[in-house]
Amino acid sequence: MSDAEPETNLDSGGHSGVTVETERAHAEVREQNVLKEEHYDEGTATTRNDQAICYLQGRGSQENYQKILHSTEAKTISQNTPSAVVIDEVSQERKNTVDAEKIGEQNVLEGIGEQNVLEGEGHDEGTTTPTSDQAISYSQGWDYKESDKKRDLNMLEGEHHDEGSTTPIHDQPISYPQELYSKENDQKKGQNVLEGECHDEGKATSINDQTISYLQGLDSKENDQEGEQSVMERELHEKGIATPTNKQAISYQHGKNSKEIDQKIPHSTETKTIGQDIPSTVLVPEVSQERKSSVNTEKKPLFHTPSPSEDSLVYTATPSMVFEEKEKAFFSSNPLNLVWSFGINQNIPVYNLHDKTRQVILYTCAHTAVMLDCSTNTQHVFQGHCSPISSVCVSEDRRWVVTADKGLESLIIIWDSYSGIPVQTLFDSHPEGGVAAIAMTGDSKYLATVGAGTPQQVCIWDWASDKEGPLCSKDLDSSYGYQAYMIFDPKDNFQLISSSSTQVIFYLWKGNKLEYIAPHLTNETFNKVVGKFTQSIFHFTISQALTATSVGNLVVWDAIQISNAPAETEIKPHNKKAIKLVPMQKDEITVLTVSDRYIVTGDVRGFIRFYDSLLNLVNWYSSFNLGPIQSISFSKELPHPATGQTHYPADCTIQSKPFVIRNFVVSTSDASVVHVTADGTKVEALLQEANSTVYAIACHPEKPIVCIASYSGMLKVWDYKKKKYICSRIFKAGQYIHCLTYNIKGTLLGVGFTDGSVQILESLTLKDECAEPFRYASAPITHMSFSHDSQYLATADEGFTVTVYKISQENGNTVWAYLGRMRSHYKLIQTIMFGIHPDNNQPRLLSLGSDRVLVEYDFPNSSKNDLRILGTDRIEQSGIPKCMAWYPPITKESFILTANDQYKMKLFNSTTKMCRKTLLGPTYISPLEKMIILPRINTHNPGKQYLAYITKDKVGLQILPVDGNPHKSSAIISHPGGVYNLACSYDGAYLFTAGGEDCTVLMWEVNIQALEAAAALGGTDLIPFYALLDGGREGELFKELEDYFYYAQLRSQGIDTMDTRQVSTHIPLVEVPFVMRALGFYPSEQEVEDMLNEIKFSEYVDTGKYVTSIDLGDFIRLYINHRPAFGLSVQELQHAFDTLGCDSESGEKTMERGQLLQLLQIKGEHMTEEELAEYFTTLLGLNPEGGRCEIGSYDSKDAAALLEKAIPSKMTHQIFTVELLGLQTGVSEEESSEEPITACTSAMS
C-alpha cells in the first residue's frame, strides 16, 4: 500500500454539521455491529444490516433511522439469513396495540405470551427475533376485516423453539398474502397448508411469497390434497428443515403454466436451510394451532415422500447440484451439446457466487452465460439466447441469475443458479433492439430494463408473476444519450438510476406509473471539468447518490427540498440535483460500487480504492498488476472478524485498524479475472483469456489438444479433456494470428499472420523450426495445410495467391524452404487442401476460389520460384463455391465434395472433375462456410460417416452419404455474431468453433445416436422427399407429376402414333428437362447436362452400363435436389438490371431493347435468333400455338417485326418482370427465403 491519499470531506457539499456527526455515528455503530459485537454460534454469525432497517422504517426517514441507530439490543441471526430481511424491534406503544388485537388468539399460539411472540425471548441461547413496526403498520393499511388483521399478525410473528433460532420477516413480501385476505376462506386454507412451522432444531421454514399469492388466486382444492401437502411439510418441519416453494420452477418442470398442472406443487424432501438455499424474497409465516389441529384430523399417512416425478428440480436443488455429474441420457436429446467455453466477454461484469460450499464465478461468452466452479474446474453453461448476451445481473443472495440479449427477438431469462434451470422467460421485452441494461431489486422481486432501441424504453417487471408485459414503462428522450447502466436503490425498490456517458437519470415508480428526472450538469455548474459518466450508486446511509466520471471525479446528487411548499406536499426522492463535484483521483473511474460500509472504486490503472461514507480514503490496492478494472463483485459471505489468527491489512487511518472486508472478484478489460481473499490479501488468477478477435483454432491429430490463437498475439495450447492449460507463447505486438494448422503427425504447427508472414513451430514447446519467418506474402494468410507426408506446406492469402513451402536438405540439415507462388485466382480463395494421388501416392494440392474455379497444382514439374498448374476447371455456373473437402471412401468412386451459396452440395469426380451429383444441402438461413469430414466413429458400420459444418452463425452435423434428406442434418446456434472457424478432435468426439469478434471458442460434444434418431424419425426412402413437395404425397403437385409422367411417355412414343401404348413407371432421360419445366423449374443447359449425367452414370461404376430412363421416385429426388432451394427471387432480376443497365432520368436502371437482345445472344449460354423469337413470342402471347409441341424447327418468319412492336424500346426491371415474364412482385425477398420452396410459382408454369 502506498502513502495515504488526502481525505475528502463531504460536509462542504451542502450538508450541515449535524449530518456529518450523524454519519460518523452511523459509521461507528455499523462498525461496532459488524466487527465487534457479533454473536457466534459454532463460530459463525451474521450481523444486522442497518440498510435494511432504514428501508423498513420508512425508506430513508432520518428520524426513524436515528432511532434505529441508537437501539441498544444486539441482534443475532442465522449466518445464512439474507441481510435484507432483518427487522427492528417493535415499539412498546405498538406492542400494546397489537396486544389488544391478539386477545382472542393467545390460546391458538400454544400458550406463547405476547412478549415471547414479539420479542422472541425465553429461548435456550438467547437469540431474538426482531419484528418491524413499519411492516405491521404497512400491512394494516389494507382494507380487510378485523379478524383477518389478527390472523395476518399471527402469520407474521415467529415462534421460537428448542434452540432459539429466529425467523426474520421482510416487510416487502408481506403485501402479497395480506392483499388477498379479502378472498374466500378456502383460499386462505391453501395458504395455511403451505405455511411453515419451527420444530425440533428450531430452524425456520420459508415459503416464497410469489407461490403463496399464486396459490391464493386459484380455486379451492379438495381437502385430501391439502391434508397430503400438510403431512409432507410436517415431516420436514420435525427435522428442522425449511421448505421453500417456487411457482415458476413448478411451471417450468411441468412444461406449461396451466393452473391444472401448477396446482400439483411438489414438496421438498431435505437439505434446505433458511438464507442459504432460499432467495431473499421469501417470508416465514407460522401455522397456527387451529390449522394444525385440522391437519391432524386428515386420514393420511403420517410420513409421505413425494415421488421424484412430483418434485421440482428448483425446489429440491442445493448449491452444488448444478455441478454434479449428469447422466449421459441427459445429453442424448441433441446431436451437439456445449460442454465448455474458452473465452469471456470482458465488457460484461463478472459476478462472485462464492459461498461455503462452492467457489463459483459467473461470466458470459457470446450468447451463453457460464458458471465456473474454480475449485473443481467445472463449468455449467446457461443456453437459451439466440443473440449475444448484452447484460447480466444476480440477486443479492446469488440464487437467481438474470440474462438479457440484444436482437430482434430479445429474451430475458431468469435462471436458478442451484439447479441451472430457467424459471422464467420474458419474451419480446424490447422488440426494437433488445436490452441494453438490467437490474434487480434487493429482494429479488422486480426487474428493471433499458431497451437498446430508439427511443430507449425503461420497463419495470414483476418477473415472478403471470402478468403479461411490464408493470410500467417510459420512453426516454434521445438527447439523454445511450443509457447503458442501471441500478436499484437497495433501500427502496421504487427508486433506481440509469446513466449514459452524458446524462444521469433518476426514476421513481409506483404501481403502473413510472416517473423520471434528468438533472442538468455541465462543466459550468461547478466551474470544473465533469467528464463522461461511467457508473452510479445510491449512498448506503443517506438519501444521496454518487456518479463516477472519466476524469476521476465523483458527482454527489441529493434530493431537492422545495422551499415554501405546503407541509402535506409529497417529497419526491428522485428529484435530485448535483450538489458537489468531488475530485477523487486523476485517472478514469471505471467501476463504482458499495460493499457493507465502504464505497469502492476501480480505475483504468487497475487500482481499487475503498472510501467511507464521507468519502475519506480508508484503503487501496495498487499492487495487483491488473489492467483497467471492468467489474468488482463481493462475496455474499460475511468476513471473519479480525483476531490474532487473521492477517487483514491495516487501513490508512491514524488508528491503523484491521481492514476487514469481504472477499471479492475483479475482472478487467483485458479478459483476466482474479479472486482477492481479504484475509492476507491473497490474489488468485481465475481466468486469463483472449481479449481480442479469435479466428485461429486447430486440433492435434493424435492427442486431446486444441490450439487457440487471437489477434492479441497470444497462442495457447489446452488439454481439452482435462480442461487444463498446457503452454502458451506471446508474439510481438502487431502480429495478429489468423490461422493455424497441425501436420498429420502433430509434430509441427503452422502459424499464419495478418501481415502475410508464416512461422513453423514445434507443436509441444512452440519453439521456431525456422530461424526466420517466411515473408513472401503481404496480405493476411487465410488458409494453411500440410501434405500427408509433411513434406509440403501450402498457404493462401487475401491476395488470391497460393504459396508452397517444401522440406529440403541444406548442408546436411533438413530445413523448410520456399518453393513457389502462384496467383491462380482472381477472387478470394475459399479453400486449399492436400490429397493423395491414386497412382503414385504423391501429394496433390487443390484450391477453390470465389471465381468458381477449381485449380490443381503440378508438383512434379514445379521448381523453386516456379509453381506450375496442372489444370483449372470451372465447377459452378451461377453459384459461388464456399468450401470443399475430400469425400470419404464410402463409394467406389473418388469424389470431391463442394458446397455453394445456393445451398447445394456437389460431388465431382476427383480425376475428371465431372459433376456427378447435385444435392440439397442444409438450409439454415445461410449457406455452409466450412465443412470437415469427421474421423470414422462407427467402426461397426464402415459405410457410415459424418460431416461437420458451420454456417454464418451455426454449427451442425450431416449424415453421409449426402442424398438431400433434410432430416439427416442438424444444426445449433454457435456464435450469433458469426462463426469463423471449425476444428474437429482427432477421435471425432468434439467440435470446436471460433467466434471471431466475440473472443470465444466453444467446445461441442458430438452425439451421433441423437442425430441418427432424428433421421429415423423423419422417415425412410421417399417419405422425407414427399414432405418437401407442396401438399405432400396427397397434394395436387404430386398428382400433376404423375400426369406429367404419363404425358412424357406419350411424347416419347409419338403424339400421332397409332401403335399400342406401352405404359410403364419410367420415362426416357430426354424427357426429364420438359417435365422439370412443366413443374416450374427452368434449368439452364449446363444444369440439364448435369442432371442427365447424374442419372446416366449412376450405376456405371457398379455395372459398367449407362442408365437411360428414370422412375418417379428417382425423379422426385432429382427435382428436390436440383431446383432452387428457396425458389426464384425477383430481387435476382433486379440485381441483373442494376448491374447491366444504365441510369435513366427517373433514377431507375434501364436497358434498351437492342442491348437486351444482344446480351442474350452473346453472354452466358448463347441463344440463337430462332430461340429468342420463339421464347419472346410465346411469353408475349403472340404465338397462338404456344411454341413447339414436338422437337423440330420453328418458323420465325415475321417474328422480328412482332417483337419490335411488343417489346418497349427501353425496358426497366419492373416491365421485364411483370409484363414480359408475368411474375408477381408482391413477395419480398425476406418472405421468399423463410423456408425452402415446395412448389413452382403459378406465374412461371
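Everything numeric here is computed off the predicted structure, so don't read it as measured data. (Residues numbered from 1 in each chain as written. Predicted model: local features only at pLDDT ≥ 70, side-chain atom pairs only at ≥ 80, totals over all residues. Heavy atoms only, no water.)

Looking only at helices and strands, the protein features 28 helices and 60 strands. Looking at the protein residue by residue over its 1245 residues, the buried ones come to 55%. Contacts in the protein between residues far apart in sequence, at least 24 positions, make up 57% of those at least 6 positions apart. Accessible surface, the protein as shown: approximately 54,500 Å² in total, 49% of it carbon and sulfur. (Helix = DSSP H or I, 4+ residues; strand = E, 2+ residues; numbered from the N terminus. Buried < 20%, exposed > 50% of the residue type's maximum accessible area, 1.4 Å probe, protein only. Contact = heavy atoms within 4.5 Å. Areas by Shrake-Rupley, 256 points an atom, 1.4 Å probe, with all protein chains shown as cover.)

This structure, assessed with the given rule, holds 13 cavities of 30 Å³ or more. Empty space within the second largest cavity amounts to approximately 110 Å³. If you trace the second largest cavity, you find 14 residues lining it, with Glu689, Ala690, Val694, Ile708 and Lys716 closest to the centre. Those elements that provide at least two residues to the lining of the second largest cavity are strand S1 (336–343), strand S31 (705–709), strand S32 (714–719) and strand S55 (1000–1006). Each residue belonging to the lining of the second largest cavity can be placed in one class, and the counts come to 9 nonpolar, 3 polar and 2 charged. (1 Å grid on protein atoms, 1.4 Å probe; cavity = no way out; pocket = protein on both sides within 12 Å on 5 of 7 lines; lining within 4 Å. Points joined across faces, edges and corners; volume = space filled by probe spheres on them. Nonpolar A, V, L, I, M, F, W, Y, C, P; charged D, E, K, R; others polar.)

Moving on to the sheet that holds strand S2 (residues 351–352). Spatially, 4 strands are ordered S2-S3-S4-S5 in an open sheet, and the strand pairing comes out antiparallel. For this open sheet the edge positions go to S2 and strand S5 (378–382), each flanked by a neighbour on one side alone. Pairing geometry for strand S3 (residues 360–365) and strand S4 (residues 368–373), over 6 bridges, is antiparallel. For Cys365, the partnering residue across the bridge sits in S4 and is Thr368. (Pairing = 2+ DSSP bridges.)

A full pass over the atoms with the stated rule returns 24 salt bridges. In this structure, Glu1012 engages Lys944 in a salt bridge whose closest nitrogen and oxygen atoms are separated by 3.8 Å. Of the two residues, Glu1012 sits in helix H16 (residues 1008–1017) while Lys944 sits in the loop between strand S49 (930–933) and strand S50 (945–950), which places them 68 residues apart along the sequence. The residue Asp1021 makes a salt bridge to Arg1117 at a minimum N-O spacing of 3.0 Å. In this pair, Asp1021 sits in the loop between H16 and helix H17 (1023–1026) while Arg1117 sits in helix H22 (residues 1112–1122), placing the two residues 96 residues apart along the sequence. With relative accessibility at 57%, the residue Asp1021 sits in the exposed group. (Salt bridge = Lys/Arg side-chain N within 4 Å of Asp/Glu carboxyl O.)

Before going further, it helps to spend a moment on a nonpolar patch on the surface. A cluster of nonpolar side chains, contributed by Tyr1046, Tyr1047 and Val1063, occupies part of the molecular surface with about 330 Å² of accessible area. With respect to the secondary-structure elements, Tyr1046 resides in helix H18 (residues 1036–1053). Since its relative accessible area comes to 39%, Tyr1046 is described here as partly exposed. (Patch = residues over 30% accessible without salt bridge, like charges linked within 9 Å, V, L, I, M, F, W, Y side chains within 5 Å.)

All right, on to the sheet that holds strand S36 (residues 758–762) then. Reading across the sheet, the 3 strands line up as S34-S35-S36 and stay open at both edges, with antiparallel pairing between neighbours. Looking at which strands have only one partner, the edges of the open sheet turn out to be strand S34 (737–742) and S36. The sheet shows a mean angle of 25° between the axes of neighbouring strands, direction not considered. Looking at chain direction, S34 and strand S35 (residues 748–753) are connected through 5 bridges and run antiparallel. (Axes fitted to C-alpha atoms, helices over the stretch in contact; angles between N-to-C directions.)

Aromatic ring pairs: the centre-centre distance and the angle between the two ring planes describe each pair. A complete count under the given rule lists 41 aromatic pairs for this structure. Their ring planes at 50° and their centres at 6.0 Å tell us that Tyr507 and Tyr516 sit as a pair that is tilted. Overall, the relative accessible area of 22% leaves Tyr516 in the partly exposed class. Geometrically, the ring pair formed by Phe731 and Phe753 is edge-to-face, given 5.2 Å between the ring centres and 75° between the ring planes. Residue Phe731 is found in the loop between strand S33 (724–730) and S34, and its partner Phe753 is found in strand S35; the two are separated by 22 residues along the sequence. Summarising the burial analysis for this pair, Phe731 and Phe753 share the class buried. Taken together, the ring pairs connect Tyr598, Phe610, Tyr621, Phe624, Phe634, Phe659 and Phe664 into an aromatic cluster. Stacked on the ring of Trp400, the Lys or Arg Arg399 has its end atom at 5.0 Å from the ring centre. For Arg1077, the ring lying beneath its charged end belongs to Phe1074, and the centroid distance is 5.8 Å. (Phe/Tyr/Trp six-rings, centres within 6.5 Å; stacked < 30°, edge-to-face > 60°. Lys NZ or Arg CZ within 6 Å of the ring centre and 35° of its normal.)

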